[in-house]
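Observations on chain architecture
Read off the chains here:
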2 protein chains.
Amino acid sequence: MGSSERSTLLSLEEYRSKSSFDVKQMFEEMEPPEYFEIKTKYLLIVNEALEIYNANVSIKIALGVALFANALNCLGSERHKKFYTDVWEGKILSCLAITELEHGSDTKRLKTIARYDALTKEFVINTPGICAAKVWVGNLGKQCTHALLFAQLEVNGVSHGLHGFVVPIRDPQTLQPYLGINVGDLGEKSGLHGIDNGWVMFDNYRIPKENLLNRVGDVNEEGEYETSFTDPQKLLGASLEILSAGRVGIVNESSNNLLRAVIIAVRYAAQRRQFCDSKGIETPLLEYQTHQYRLFPYLAATYVIKNFSNEFSDRYVDCVAASREGSLEMKQVSRMVSGVHAVLCCTKAVITWTTQRAIQETREACGGHGYHKAAGLGDLRNNHDPRVTFEGDNTVLVQQTSNWLLKLYNDPDERDFTVYPLSMFKFIDQLDAILSKKSDVTNVETLCSVSTIMTMYEWLICWLLKTTNRKMDALKSKYNDRFVARNLCQVFKAKELAIVVAEVSVCLAYFLILPASALRIAVQNYGP
Amino acid sequence: MGSSERSTLLSLEEYRSKSSFDVKQMFEEMEPPEYFEIKTKYLLIVNEALEIYNANVSIKIALGVALFANALNCLGSERHKKFYTDVWEGKILSCLAITELEHGSDTKRLKTIARYDALTKEFVINTPGICAAKVWVGNLGKQCTHALLFAQLEVNGVSHGLHGFVVPIRDPQTLQPYLGINVGDLGEKSGLHGIDNGWVMFDNYRIPKENLLNRVGDVNEEGEYETSFTDPQKLLGASLEILSAGRVGIVNESSNNLLRAVIIAVRYAAQRRQFCDSKGIETPLLEYQTHQYRLFPYLAATYVIKNFSNEFSDRYVDCVAASREGSLEMKQVSRMVSGVHAVLCCTKAVITWTTQRAIQETREACGGHGYHKAAGLGDLRNNHDPRVTFEGDNTVLVQQTSNWLLKLYNDPDERDFTVYPLSMFKFIDQLDAILSKKSDVTNVETLCSVSTIMTMYEWLICWLLKTTNRKMDALKSKYNDRFVARNLCQVFKAKELAIVVAEVSVCLAYFLILPASALRIAVQNYGP
Ligand SMILES: Cc1cc2nc3c(=O)[nH]c(=O)nc-3n(C[C@H](O)[C@H](O)[C@H](O)COP(=O)(O)OP(=O)(O)OC[C@H]3O[C@@H](n4cnc5c(N)ncnc54)[C@H](O)[C@@H]3O)c2cc1C
Ligand SMILES: Cc1cc2nc3c(=O)[nH]c(=O)nc-3n(C[C@H](O)[C@H](O)[C@H](O)COP(=O)(O)OP(=O)(O)OC[C@H]3O[C@@H](n4cnc5c(N)ncnc54)[C@H](O)[C@@H]3O)c2cc1C
């Protein structure tokens, strides 16, 4: 686990300052900002590598620098260049303040308010009550100097919805919070002890007009709100980067955590022996049938998921590039963006869940020694755990995938199979034909072939789509309420649908590189 | 979580001494030893209550006092009374030293050796190499004064297998270890931070002859080994107490941990709201279909398991009493003891696993706030986790259940349905008749009745028994090796068999108290 363990000898305070120190050190090693022409891919790789070394440091840098710079780039404009330069030079450190005490998943209901004061050309930020306190914000507890704050923008008494603001929090020299800011550390968590998650409440706190990230909307010289959708195509691309970069990072990190857990347990099982056979030879754990059934599915998942994670990152960067280049039509960009979002939502969920379960199983498979801190599995479990919740709670995310699929099902116009990742779902055009097919598999060989497996998956998706949609329609006419209908379809079968789509997406990337014979052999060896 | 949290402000060292202090305090509150006529039940209740307050303190006392005193009682004799009195008066504190670095589940292979020296009438204890170091021993790291050590007894060059010894480790006044003892703390674990698990190696360390727990065997005045099976009936009863008391405790503790996790998550779900319905009213999490499917099975399991745990503890105490009273025949005691052991093995496994999964699910169901230390779920998960491993690793334990069932299947003479818990398995006598039955259920009402559910469970157990046995026989003749045959039957279907038996055992205790109509209503409300 390298230095991501919380050491015996350090208190929480000391541990947190140690990770700040590590962040500073990392910084001196990192390339200067000019380098970031191909920044998305570069940042993803740096993040992935750092995470293996120390999850606390990678998250601190991701929140404090990379995601902040990314957001300035996507949502801001020329006037925010200063922050961009400063953060890359390590002069300031940021945080992303979205979640409030009462609202996490439902970001639309966030209550922090930024009111425009035309007299002083400032925004006045307020927290209307304790329930609207920003909470859980990484880096905010002790260390950040600035927040990228999401708040309801109000101009002349009219609310214009959530906007992003750069908000100075602490003096970069003294780290003393400014007047009007009530900020603190959230206290101990179940892991990620090196990250100072914090809370903040604003009391008539003023920031200059320029600190509004104005790509989406701005307040003009006359003090009126205007949306500046000058280039909606680029805006869509920007929203892709903003929404998805963090999740792509999580998929990469999770695949590495899975890899790490599985390697520890498989190596241990090969070397640890327990109980003798009748010849008196002690048996390696790996030879026990139960042990194989406990570990090998996760070992297999590691190959598949790690490969997907590499492949998907590349395709994601391609999509960002394509959306920037302007070679695609507006509608295509729009569909690509929702498609990437939909596939990422369900795969982020399935991959983080699989990893969390795998870590627990590997911990148990290493017996008592697996419970030792030095085995690394306890810390891995505790540090990985919040990934199922942050950057979108898994259960909430999979609903976005199923909603997107139902839209695709109901509106053939939305099916633009020329763009990634919609290309994967071309078979939906043949839905009825697929559902009427019966399996003609009569031998094990054919059953275990990639094409049979994919055919079965396609059938399953079509079936889940059709049944879920039928149920949804019936519930809509019964209750005349979309919200109620969706809620009542979650278990039967919207959630299943999204999970199967995640499995297919992940497997597809693997089948592309798998020699046709390999799968059959593997499956045949492990029948009853 | 009360004081079982590891506080921010304490280092590991300070935290460990804090729990020692808590142990001392608890002690002053506890009743004096005279009270322990009905000690088994009393100790189980104290342990269960303490565990809710602080898992570290309950485990320290269980290992340091209760299980030690219990072992002296069961395995020792008059000459060990002194230790018994001392430990109850808080003058000494013990640990149970069984596990070695290289051997945990396979206790037969333990290597620590106690050689009898006829000249000095002492045992000379040695650790033959680092692999035989005693490890993981709770209380041994810093605090215990004595160990209940399990070592291979050797007299005149002949080994007589594992025996228990009371071994002084540290001076009770100074807590300095004695010469010949190399002892240390095992370092950080993934939880239970207040317990000083330790390691120890012995170097020609001498203890008086009397310190051998001599119920099973002793060295006589002539320096010869003799087994003193004076009262085999009582010995069997003793082995029941020794083997099972800890596991009964774990079942109780787990059911409380499950209860705690489920209560936290259900209460939170009733009060936390997220997302609005079409009327603009925010929905409590508990109203979401997925949320119900995530939590309600564990809520249901809590009722069933908590009830089993109460019921089984009582029956267990009855069995101990019956074995002591001498009213049962020798064979009956023997069968009762194996039956209790078999049912406890599989239910300990299923209950600790269910609890571990439940804690993870409830953590996720509480969203980000569930990851805060104050939610208590992270500590609960980390502290509960080793229960799937200690007092017998779950995967190893369930094999003991399936082996016992296969014995019952093959040898009708073993089926003494007059004793608990064999009475639950009376239906095995009708195995073939049961397997030839077809279900005649045609409506939901009958399907959801307790009697249908039990009939299906009985069928399933019979089917698993028969198929597993058939496969085992085939493998035995193929490989001519019991060990290989058993290993190859683990997944198909010995493990399943044990798990189903655990489910039946747990449910039976519940169905006894369930009004017939309740189940049907509950099940009907939650169909698709
Ligand atoms: C370690 C950590 C670091 C974080 N860092 C940051 C940060 O830097 N900045 C920041 O702004 N935030 C941060 N967060 C907050 C995080 O983004 C939120 O926790 C997350 O968005 C989930 O929101 P919530 O906690 O309010 O959960 P809720 O939205 O309250 O959800 C709670 C539970 O209810 C379920 N649920 C909710 N809605 C539905 C529905 N419609 N249908 C079915 N089930 C539903 C969910 O599945 C979940 O299990 C962090 C959180 C953690 C744990
Ligand atoms: C917190 C904690 C406290 C403890 N306290 C004490 C104590 O006070 N005193 C003491 O003596 N010990 C103590 N122990 C040790 C504990 O009893 C052992 O860890 C336990 O018996 C398992 O043994 P092991 O760790 O050697 O695992 P192993 O026996 O090495 O098993 C490792 C893995 O292999 C699998 N496996 C092993 N054999 C088989 C098989 N035949 N078939 C299929 N799978 C198999 C198991 O399922 C397990 O997953 C403690 C352990 C912990 C974690």
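By the naming in an unreviewed UniProt entry, chain A goes by acyl-CoA oxidase and is assigned to Nesidiocoris tenuis. Checking UniProt for chain A, the heading Sequence similarities (unreviewed entry) contains the comment "Belongs to the acyl-CoA oxidase family." The record in UniProt for chain A states the following under Subcellular location (unreviewed entry): "Peroxisome".

UniProt feature "domain: Acyl-CoA oxidase/dehydrogenase middle" (unreviewed entry): in the numbering of this structure it lies at residues 95–204 of chain A. Here residues 95–204 of chain A runs as 0% helix and 43% strand, with 20 Å between its end C-alpha atoms.

Once that is clear, we can look at the site of ligand 1. Lining the immediate surroundings of ligand 1 are 31 residues, of which Thr 99, Ser 105 and Asp 393 of chain A together with Arg 272 and Gly 368 of chain B lie closest. The site occupied by ligand 1 is bordered by residues of chains A and B. The side chain of Ser 105 of chain A places a nitrogen or oxygen atom 2.5 Å from an oxygen atom of ligand 1. Here an oxygen atom of ligand 1 sits 2.4 Å away from a polar atom, N or O, in the side chain of Asp 393 of chain A.

Take the environment of Leu 149 of chain A next. Residues and elements named next belong to chain A. Among the structural elements, Leu 149 can be located in strand 5 (residues 146–155). By relative accessible area, Leu 149 is classed as buried at 0%. Here the alpha-carbon distance between Leu 149 and Thr 99, two residues 50 residues apart in the chain, equals 9.8 Å. If we ignore the near neighbours within four places in the chain, the residues touching Leu 149 are Ala 97, Thr 112, Ile 125, Lys 134, His 163, Gly 164, Phe 165, Val 167 and Phe 202.

In this section: the interface of chain A and chain B. Accessible area lost upon the coming together of the parts is a frequently used measure of interface size. Contacts between the two partners involve 69 residues from chain A, matched on the other side by 69 residues from chain B. Across the interface of chain A and chain B, roughly 6200 Å² is buried in total on both sides, 50% from carbon and sulfur atoms. One can count 4 salt bridges joining chain A with chain B. A salt bridge links Asp 385 of chain A to Arg 363 of chain B, with the shortest nitrogen-to-oxygen separation between them at 2.8 Å. Counting every contact that joins chain A to chain B gives 60 residue pairs in polar contact (both at pLDDT 80 or more). The greatest single-element share of the side of chain A that touches chain B, amounting to 5 residues, is contributed by helix 7 (residues 330–365) of chain A. Grouping the constituent residues of the side of chain A that touches chain B by class yields 21 nonpolar, 27 polar and 21 charged.

Residues and elements named next belong to chain A. Considered domain by domain, chain A is made up of domain 1 (2–88), domain 2 (96–228) and domain 3 (244–525). Put simply, the middle of domain 2 and the middle of domain 3, counted by C-alpha atoms, are 36 Å apart. Domain 2 puts 4 residues into the contact, and the matching count from domain 3 is 6 residues. Summing the contributions of domain 2 and of domain 3, the shared interface buries around 370 Å²; its carbon and sulfur component is 58%. Three residues stand out in domain 2 for area buried against domain 3, namely Ser 105, Ser 190 and Leu 192, and they jointly supply 87% of the buried area on that side. Here domain 2 is connected to domain 3 by 1 residue pair in polar contact (both at pLDDT 80 or more). The residue makeup of the side of domain 2 that touches domain 3, split by class, is 1 nonpolar, 3 polar and no charged.

Of all residues adjacent to ligand 2, which total 32 residues, the nearest are Arg 272 of chain A together with Leu 96, Thr 99, Ser 105 and Asp 393 of chain B. At the site occupied by ligand 2, nearby residues are drawn from chains A and B. Measuring from an oxygen atom of ligand 2, one finds a backbone N or O atom of Ile 98 of chain B at 2.9 Å. Gln 399 of chain B places a polar side-chain atom, nitrogen or oxygen, 3.1 Å from a nitrogen atom of ligand 2. Every element with two or more residues in the shell around ligand 2 is listed here: strand 12 (273–276), helix 6 (289–325) and helix 7 of chain A together with strand 1 (94–97), strand 4 (134–137) and helix 9 (394–410) of chain B. Broken down by class, the residue content of the shell around ligand 2 amounts to 14 nonpolar, 14 polar and 4 charged.

Quick look at the sheet that holds strand 8 (residues 198–202) of chain B now. All names here are of chain B. Read from one edge of the open sheet, 3 strands run 4-8-7, paired in antiparallel fashion. Looking at the sheet topology across the chains shown, the edges are occupied by strand 4 and strand 7 (181–185). Going across the sheet, the axis of each strand differs from the next one's by a mean of 20°, ignoring polarity. Sheet topology note: the strand 4/strand 8 ladder contains 2 bridges and is antiparallel. The residue of strand 8 that forms the bridge with Val 137 is Gly 198.

Calculation notes
- Residues numbered from 1 in each chain as written.
- Chains lettered and ligands numbered in written order.
- Predicted model: local features only at pLDDT ≥ 70, side-chain atom pairs only at ≥ 80, totals over all residues.
- Heavy atoms only, no water.
- UniProt positions renumbered as here; feature names shortened; annotations may be inferred.
- Helix = DSSP H or I, 4+ residues; strand = E, 2+ residues; numbered from the N terminus.
- Near = heavy atom within 4 Å.
- Polar contact = N/O pair within 3.5 Å; in protein donor to acceptor, adjacent residues only side chain to side chain.
- Buried < 20%, exposed > 50% of the residue type's maximum accessible area, 1.4 Å probe, protein only.
- Contact = heavy atoms within 4.5 Å.
- Buried area = accessible area lost by both parts, 1.4 Å probe.
- Salt bridge = Lys/Arg side-chain N within 4 Å of Asp/Glu carboxyl O.
- Nonpolar A, V, L, I, M, F, W, Y, C, P; charged D, E, K, R; others polar.
- Domains from an automatic or database assignment.
- Pairing = 2+ DSSP bridges.
- Axes fitted to C-alpha atoms, helices over the stretch in contact; angles between N-to-C directions.

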